[in-house]
Amino acid sequence: MNLLYDVHVDSNLEWTNKAVEFLEGEFGGLSINVGWTDEFMLWKLSELNPAGQGILAVAVIEGKVVGTASMTRKRMILDGVEITGGEIGDTYSAEKIRRLVKPKELISKVQG
């Protein structure tokens, strides 16, 4: 296996279906039912979310998602004023690659 991964910040939400496949495949058997679906991910990370579009980042090796992280926009109250904030979530990595792989971009900068 290639031990270097690419990181894609998916502002167009083109990786959501592969992220869902990864999450369900790697963590779908957990005792809690998270219920990752394409529809749910698109709702919480797209303009369908009333608080606004979020961010999805995926780590990819050879076209396969091996890690995810997201920021979901949330409406919240701070000192009596409604503001838009964000919740970091969906931060998962494939167990078989943890502590073994490195981001390609970082490696190229160090060697560069």
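Before any of the text, the structure's been laid out above.
Being a predicted model, the structure only gives us computed values, none of them experimental. (Residues numbered from 1 in each chain as written. Predicted model: local features only at pLDDT ≥ 70, side-chain atom pairs only at ≥ 80, totals over all residues. Heavy atoms only, no water.)

(A) Summary view of the pairing of strand S3 (residues 64-78). Two elements, strand S2 (residues 55-61) and S3, share seven bridges in a ladder whose sense is antiparallel. Each bridged residue has a counterpart across the sheet, and for Ala57 the counterpart in S3 is Ala69. Linking two consecutive strands that pair antiparallel, namely S2 and S3, is a turn of two residues; a positive phi of about 50° is found at Glu62 within it. Note that S3 and strand S4 (residues 81-93) share 11 bridges and pair antiparallel. Its bridge partner lying in S4, Ser70 is registered against Gly89. The turn linking S3 back onto S4 is made up of two residues, and Asp79 within it adopts a positive phi angle of 50°. (Pairing = 2+ DSSP bridges. Helix = DSSP H or I, 4+ residues; strand = E, 2+ residues; numbered from the N terminus.)

(B) Highlighting a nonpolar patch on the surface. A cluster of nonpolar side chains, namely Met76, Leu78, Val81 and Ile83, defines an oily patch on the protein surface of about 320 Å² accessible area. Elements that contribute at least two residues to the nonpolar patch include exactly S3 and S4. With respect to the helices and strands, the residue Ile83 is situated in strand S4. (Patch = residues over 30% accessible without salt bridge, like charges linked within 9 Å, V, L, I, M, F, W, Y side chains within 5 Å. Areas by Shrake-Rupley, 256 points an atom, 1.4 Å probe, with all protein chains shown as cover. Salt bridge = Lys/Arg side-chain N within 4 Å of Asp/Glu carboxyl O.)

(C) Summary view of the nonpolar core. Core analysis: the biggest nonpolar cluster contains 21 residues, and Met41, Leu56 and Val58 have the highest contact counts within it. For this core, the secondary-structure elements that each account for two or more residues are helix H1 (16-27), helix H2 (38-45), S2 and S3. Leave out the neighbours within four places in its chain, and Leu56 touches His8, Val9, Asp10, Leu13, Trp15, Thr16, Ala19, Met41, Leu45, Ala69 and Ser70. (Core = buried A, V, L, I, M, F, W, Y, C linked by side-chain atoms within 4.5 Å. Buried < 20%, exposed > 50% of the residue type's maximum accessible area, 1.4 Å probe, protein only. Contact = heavy atoms within 4.5 Å.)

(D) Spatial organisation of the pattern of salt bridges. If you walk through the whole model with that rule in mind, you get three salt bridges. For Arg75, the salt bridge goes to Glu82, with nearest N and O atoms at 3.9 Å. By the burial criterion, Arg75 is exposed, and Glu82 matches it.

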